[in-house]
Each structure stands twice: as C-alpha cells, then as structure tokens.
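Here's the letter readout for the chains.
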Amino acid sequence: MTKERLRFAPSPTGDLHIGGARAALFNWLYARKTGGQFLLRIEDTDRERSTDAALESILSSMRWLGMNWDDEPVKQSQRGELYKEAVQKLLDSGAAYPCYCTKEELEAEREHAVAEKLDYHYSGKCRNLDQATRDTYNKERKPFTVRFRVPEGETSFEDMVHGETTFKNESIGDFIIARPDGTPVYLLAVAVDDADMGITLVMRGDDHLSNTPKQLMLMKALGAAQPRFAHLPQVLGMDKKKLSKRHGAASVMEYERMGFLSDAVVNFIALLGWNPGDDREKMSLDELITSFSIDHISKKSGVFDMDKLEWLNGQYLNDLAPEELLPHVTKLFIEAGYLDKDSAETRRDYILSIIVMLKERCRLLPEFVEKAVYFFNDPTEYDAKGEKKQFKDLSAADRLEELASRFELLETFDIASTEDVIRNYAEELEVGAGKLIHPTRLSVSGVTQGPSLFDMLISIGKEKTVARMKTAASYIRNKLS
RNA sequence: GUCCCCUUCGUCUAGUGGCCCAGGACUCAAGGUUUUCAUCCUUGCAACAGGAGUUCGAUUCUCCUAGGGGACGCCA
C-alpha cells in the first residue's frame, strides 16, 4: 500500500482558528497513525489579505499544539507557472474557454436571477463563441477570465464520513478558474496542487463539500489521479453559529493567552467531532494517534463548549507533576511581580510547594497568580464576608495574639507543631479547632479559602505568620474602638 | 430560489434491528469526605425533531415534513 499523503492548507489571513486547528489535527493524526506524510500548503493567492505575520502566527500555533509537518510548506504564491500551464492545458483541450463578460454584466445577470427568484448559474454566453469573435476580442485586447466547461452528467464520490455523495452537473454553472491577469482562482489552485503534491486524502471542513465535484471535474480534465475525501463537521459557538471572534475566543492563540495547556486544548479539539469509540476523554497525543480513525468522525456539527474545556484543563493541571508546571507558573509569577528571574532560581522549592498546594484548586494557569498572592505579599485587606464572621469582636484579636506568641516560641515550625498549638489552645478555650483555624487563615492570607492551613503556615514561615497575625489583631482593635 | 449536507439529554457524545422504558462526560442540584475552598465519591435532573411505512420488533432501514447549515463569487 502506498503511503498516505495529507495536507493542511490554511490561508494566511489571520490567526489559526479553532476549526482550522481541528482540521489540521485530524490530518496530522491520520498521517502519523498511518505512517504517511503531513504536508502544509499556504493558500496565499489572495495577495491583498495574506500576510507573513499571519503565516508565522499559524505556524507557531501549530507548533504550540505539538504538530509538526513534513517537508517545507508549499506556497501557492510561488507556483504561478504551474497554474498557468494547467489553465493553458485546459484551454487547449477545450475543457475551458475564455469568457469576456465583465464583472458588471455578470452582476446584472445575477441580480436579475435573484429578482426573478430563479436558480442562478452563469448563462454560458461565452461558452460557444466562434473563433472569429474571439479573434476580434483578442485584437481589441479585451480582458477575459477563463471558465471551466462543466460537462454533462453527474459527479459522485465516496466521502469517507458522509458516504456516497452525488451532484448533478447541471446544477453547477461553468465556473471561473483564472482571472484576467492570469492568476488562478482557489478551485483551480487546489486541484492543481493536490494533484501535484500527490495528495491521497483530503480532509477538510464540510463547507467544502459542494466544492468537491468542481475539483474532481478539474482533476479529471487535467488527467490527474483523484484523492479520497473526508469532510469534517463544522465547529460552532454556543449560539450554534459558526465559531468566530464574537464568541470570545476563536483562535488557538487566545487559548494559549488565557492560560490553557496545549495538551488540554489538543485533547479537547480532537473530541470535537470525533470519539475514540469508548468512554475515554483524557487522552495524550500518543493515545490520540493510535486511537484515531475516520469512521468515528461525526457528521454533525458541534458546539465548542468552553466549560468542558476548562474542566479538561483542570484535569491536566491536577495530573501534571509539579516540576512540569514549574516553568509555566514561574513565568506567570515573574509577570505578576512576585519574583524576579534570580529569585525564581533560588526559590524554586518554595514555588514547587505552592504548586503542590494549589494545583488541584486551579483550572487555568492564571488562577495560580491570584490564589498565590499571600505567599508573596502581606494581605492588604481582608475578605469582607470572612471579616464579618471571624473578626467580629475583641476576643478574636486576643486569640490571634495569643496564638501568635505561642507560634513565636516554637523551635521547629512545622505541620505537627503548629497543629498542636492550635488544637491545644482550642481545647483550653473549650471550642472547636475551626474557631481558631478560620480566623488564623484570614489573618495570614486575607481570604477564607485555600490549602490546608498548616501547610500554608509553614510554607509562609514563622516570622511572617506571626507578624501577619499581630497586624490582623491590631487591625481588629482599631476597627472596634 | 436551486443543489448538497445534517438532526439522540442545555452541551460533547455512545448506540450500525432486540442487550436501550437509551449509556458515558461537562454543566446544574442534593449528599458525603475536608478546618475552609478545591479535589474526590455517591445520587439526581435531563434526549432518540415530527409523521408515515418496512418488520414479530425500530434510536438504528425507507419515504415525507419541519428545522439548522453549506454551496451557487474574478474569497479561500
């Protein structure tokens, strides 16, 4: 069996879209699974909208997601000759013809059809022009586009996800394949490139389903081998409309910025319109490769559910070893001003301990920053609700001060000793330990929730713990006097 | 308008004629664990678009209707 050759063909007019990323991923997975080739083709024939920056952004998103490609990416803008030859070949064989209709004329035709509620196709006005007329037009240097002469009959193909799909050719009007300046139009470029690149399987969005017969006809007329097709369902936003900027985040880059892990994003995207055939949800890249199969691709378009992505990301965050999280979290801490580069080195163990305490409490990377403030800064204010409950009278201040001084006397400030202090004092006061734990937490962290109090205290250290408790005590006295 | 595609819980989905008064996951709700929060565990709510067939039997097959999407560009 010959090796499969697949391709992803983005047009560099913006960042890598979630839908595009999914198409790329499926192609990549299939290529890697079958030991085939995964090629990149940059569809930049629209010079107006294509930019190098967009191309770079797309490539970097692909790298971030963990996809690599074989060979150098092919750029359509550099293959003008190839398309010209193909157009000439089609012209010579009579499979295509020059069309001298102007944009205005065509526009009028179209408007007329719409007004009359008629099915619009190109009228075929220039289809059977005699040679004499063409000669005169050419002598006048009348600009012309090249149109493909759609043959009679029907075009059908076996789509690997939709099954046999048939189009009547009469429902397809003669379409333009080259502009007056000789540049090719999408349909032609794709047909020529897929043939030239030896693509064996085209996997792309199902918005291309009705383009497929046109490409097939072109390839046939060109005498090229035809690839197989697999059309992927659309990715929709929560409102069931095509995912776009208005849905908040439509590009891969935005998810990176929001603090998602690439593995979680890939995993989630893979499950959009595909399933492994069993109940697995959290899957590594390798698992995805071995499990991937086209017959588990869905026909139904799917909604991008951010809640589920966040949940998945939380699973990844929680399952990752602290060491693996270290670079990500350190970077964010530096950005937040908690650390500088040097102290990040020396305080490695401290950061690691914070990660251990917080990772099961976070779903997104940036949550580490907000949840870790008090590991770096003294609280500047106290949670309002907590304050109302824990700092409501002078005895709260007394207790904090008493605890602080008992902590101060401790020779070893560890989990066992701090817990002893709290529990013993609670017993003396004949109250539950919670009565001391909650105010202590609030005084040291400023918030009412977080990791185990004792873990937190020893991590912050005796000195700071004591100081913060004393500060809180005088804060209470001040407020109540 | 014409052609093509699609239709299972709010969402992602399993299901290829009996195992389905439809299973899993997210969300939500309730309970348990926990010093708090989170994690984790348990339980619950919640769907085969509608109608005709075919069949002993349809979520699964056929047809029709409705709804949604795509194409009909000198955009890709």
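Residues numbered from 1 in each chain as written. Chains lettered and ligands numbered in written order. Predicted model: local features only at pLDDT ≥ 70, side-chain atom pairs only at ≥ 80, totals over all residues. Heavy atoms only, no water.

## Concerning the pairing of strand 6 (residues 154–159)
(1) Moving on: Here strand 6 shows one buried face, formed by Thr155, Phe157 and Asp159, and one open face, formed by Glu154, Ser156 and Glu158.
(2) Moving on: Counting the residues in the hairpin turn of strand 6 and strand 7 (residues 163–168) gives three residues. (Buried < 20%, exposed > 50% of the residue type's maximum accessible area, 1.4 Å probe, protein only. Helix = DSSP H or I, 4+ residues; strand = E, 2+ residues; numbered from the N terminus. Pairing = 2+ DSSP bridges.)

## Considerations on the protein's contact with RNA strand B
(1) Moving on: Near RNA strand B lie 62 residues; those nearest to it are Arg179, Glu281, Glu360, Arg361 and Ile437.
(2) Moving on: Counting only atoms of RNA strand B within 4 Å of the protein, the sugar-phosphate share comes to 73%.
(3) Moving on: Between RNA strand B and the protein, one listed contact pairs a phosphate oxygen with a side-chain N or O atom of Thr45 at 2.9 Å.
(4) Moving on: A distance of 3.3 Å is found between a base nitrogen of RNA strand B and a backbone nitrogen or oxygen belonging to Lys103.
(5) Moving on: Sorting the residues of the surface near RNA strand B by element identifies helix 4 (103–115), strand 7, strand 12 (302–303), helix 11 (306–319) and helix 20 (434–445) as the ones contributing at least two each.
(6) Moving on: No other element matches helix 11, which puts five residues into the surface near RNA strand B. (Near = heavy atom within 4 Å. Polar contact = N/O pair within 3.5 Å; in protein donor to acceptor, adjacent residues only side chain to side chain.)

## With respect to the sheet that holds strand 3 (residues 74–75)
(1) Moving on: With respect to topology, three strands assemble into an open sheet ordered 1-2-3, the strand pairing being parallel. Single-partner strands in this sheet number two, and they are strand 1 (5–8) and strand 3.
(2) Moving on: Here strand 2 (residues 37–42) pairs with strand 3 via two bridges, running parallel. Within strand 3, the position partnered with Arg41 by the bridge is Val74.
(3) Moving on: Sitting on the sheet, helix 1 (residues 18–34) is in contact with strand 1 and strand 2, with an inclination near 165 degrees to strand 1. (Contact = heavy atoms within 4.5 Å. Axes fitted to C-alpha atoms, helices over the stretch in contact; angles between N-to-C directions.)

## As for helix 2 (residues 52–65)
(1) Moving on: In a regular helix each residue adds 1.5 Å, so 14 residues correspond to 20 Å; helix 2 covers 20 Å between its end C-alpha atoms and thus fits that length.
(2) Moving on: Within helix 2, burial applies to Ala54, Leu55, Ser57, Ile58, Leu59, Ser61, Met62, Trp64 and Leu65. (Expected span 1.5 Å × (residues − 1).)

## Quick word on the sheet that holds strand 4 (residues 96–99)
(1) Moving on: The antiparallel open sheet is built from three strands, whose spatial order is 4-5-8. Unpaired on one side and paired on the other, strand 4 and strand 8 (176–178) mark the two borders of the sheet. Across this sheet, the average inter-strand angle for adjacent strands is 45 degrees, counted without regard to direction.

## Notes on the side chain of Ser251
(1) Moving on: Mapped onto the elements, Ser251 comes out in the loop between strand 11 (235–236) and helix 8 (252–258).
(2) Moving on: Residue Ser251 is classed as buried on the basis of its relative accessible area, which comes to 7%.
(3) Moving on: Only 2.9 Å separates the side chain of Ser251 from the side chain of Glu254, close enough to count as a polar contact.
(4) Moving on: For Ser251, the residues in contact, after removing those within four places along its chain, are Asp15, Leu16, His17 and Ile18.

The analysis is restricted to geometry; functional conclusions fall outside its scope.
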